[in-house]
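Each chain, letter by letter, is given below.
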Amino acid sequence: MSFWDYNDVAAGYFAAAEIAAREKKVGVIAIEVARPDFPVADRSKFADTDIKAAAKGLYVIRDFAPGKPKHGYVVAQGSSATFNLVSILPTLDEAGINVKVISAISEELFDKQPESYRNSVLPPEAVYDLMFVMSGTRRMWPLRNVGPLADEYSMTSDFHNQWLTGGLEPDVIAEAHLDSKSILDGITRFAKDRGKRLETTNGLLGKL
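Notes on the structure follow. (Residues numbered from 1 in each chain as written. Predicted model: local features only at pLDDT ≥ 70, side-chain atom pairs only at ≥ 80, totals over all residues. Heavy atoms only, no water.)

Points about the side chain of Thr-156
- Considering the arrangement of structural elements, one finds Thr-156 in the loop between helix H6 (150-153) and helix H7 (169-175).
- Judged by relative accessible area, which is 2%, Thr-156 ranks as buried.
- Here the side chain of Thr-156 touches Asp-158 through a polar contact of 2.8 Å, side chain to side chain. (Helix = DSSP H or I, 4+ residues; strand = E, 2+ residues; numbered from the N terminus. Buried < 20%, exposed > 50% of the residue type's maximum accessible area, 1.4 Å probe, protein only. Polar contact = N/O pair within 3.5 Å; in protein donor to acceptor, adjacent residues only side chain to side chain.)

What follows is the structure, encoded as structure tokens:
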């Protein structure tokens, strides 16, 4: 489980503990918590306002605006990455960028949810139309079996396959291209390229 907001920790942990208590094969609960001193998220502004949303593994922060062309799915994981992404949501609205933003806490918890919930958050076809914004490595996506272009558009701390030079926290985040401006630029590129992305994916499938 990878948490980004203070209020996600208890909900996610107790959901995992409940599973471990009844399933003998579950013997280890791994928790990733590296949360800087960020303000607690205002969930009243999220699409999913449930304070225990993390127990569901994945939850929707921002849904598609109805009646407008969709530009794809953005899956966020990690403290700074998700916090900075949430900070630019008003800018995305102003720019008319219609992406669905999802917080990825735990794919294993998500797998335990009813199919109706899973499809409402991230339907099967969405893996061909998504990018990640995450502070982890591109070698370990938060979700399995993603589409062929996810790597090209995703934003990770090792996007250039090099060690970061270090510095203060803002310096490290900026060098990793996970600051607010870089995330805005990355999502804008992702949204504008949607037609090209889908055409490329369809072309690859058509050659099989």
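And the narrative resumes.
Re the pattern of salt bridges
- Taken as a whole and judged by the stated rule, the model has 17 salt bridges.
- Between Asp-93 and Arg-62 there is a salt bridge whose closest N-O contact spans 2.6 Å. Residue Asp-93 is located in helix H3 (residues 89-95), and its partner Arg-62 is located in strand E3 (residues 58-62); the two are separated by 31 residues in the primary sequence.
- Measuring nitrogen to oxygen at the nearest pair gives 2.9 Å for the salt bridge that ties Asp-129 to Arg-194. Residue Asp-129 is found in the loop between helix H5 (115-121) and strand E6 (130-134), and its partner Arg-194 is found in helix H9 (residues 194-206); the two are separated by 65 residues along the sequence.
- Judged by relative accessible area, which is 25%, Arg-194 ranks as partly exposed. (Salt bridge = Lys/Arg side-chain N within 4 Å of Asp/Glu carboxyl O.)

Here's the deal with the packing of aromatic side chains
- Per the counting criterion, the structure on display carries seven aromatic pairs.
- Between the aromatic rings of Phe-132 and Trp-141, the centroid separation amounts to 5.0 Å while the plane-to-plane angle is 15 degrees, which identifies the pairing as stacked.
- Take Trp-141: its relative accessible area is 22%, and that puts it in the partly exposed class.
- When the centroid spacing of 5.9 Å and the interplanar angle of 70 degrees are considered together, the rings of Tyr-153 and Phe-190 count as edge-to-face. One end of the pair, Tyr-153, is in helix H6; the other, Phe-190, is in helix H8 (residues 180-192), and 37 residues separate them in sequence. This pair shows no difference in class: Tyr-153 is buried, exactly as Phe-190 is.
- Taking NZ or CZ as reference, Arg-197 lies 5.5 Å from the ring centre of Tyr-153, over its face.
- Positioned above the aromatic ring of Phe-190, the side-chain terminus of Arg-197 is 3.7 Å from the ring centre. (Phe/Tyr/Trp six-rings, centres within 6.5 Å; stacked < 30°, edge-to-face > 60°. Lys NZ or Arg CZ within 6 Å of the ring centre and 35° of its normal.)

What to know about the pairing of E3
- Taken across its five residues, E3 has five buried, putting it largely inside the fold.
- In terms of strand pairing, E3 meets strand E5 (residues 100-104) through four bridges, oriented antiparallel. Of the residues in E5, the one forming a bridge with Arg-62 is Val-101. (Pairing = 2+ DSSP bridges.)

Some remarks on the environment of Thr-82
- Looking at the element boundaries, Thr-82 is found in helix H2 (residues 79-87).
- For the pair Thr-82 and Asp-8, spaced 74 residues apart in sequence, the C-alpha separation works out to 13 Å.
- Beyond its immediate sequence surroundings of up to four residues, Thr-82 is in contact with Trp-4, Ile-61, Ala-76 and Gln-77. (Contact = heavy atoms within 4.5 Å.)

Regarding a nonpolar patch on the surface
- Taken together, the side chains of Tyr-13, Phe-14, Ile-29, Ile-31 and Val-33 present a nonpolar region at the surface, about 450 Å² in accessible area.
- Relative to the helices and strands, Phe-14 is located in helix H1 (residues 6-22). (Patch = residues over 30% accessible without salt bridge, like charges linked within 9 Å, V, L, I, M, F, W, Y side chains within 5 Å. Areas by Shrake-Rupley, 256 points an atom, 1.4 Å probe, with all protein chains shown as cover.)

Quick word on the environment of Asp-63
- Within the secondary structure, Asp-63 sits in the loop between E3 and strand E4 (73-77).
- In the structure, Asp-63 is positioned 61 residues away from Ser-2 in sequence and 21 Å away in space, judged by C-alpha atoms.

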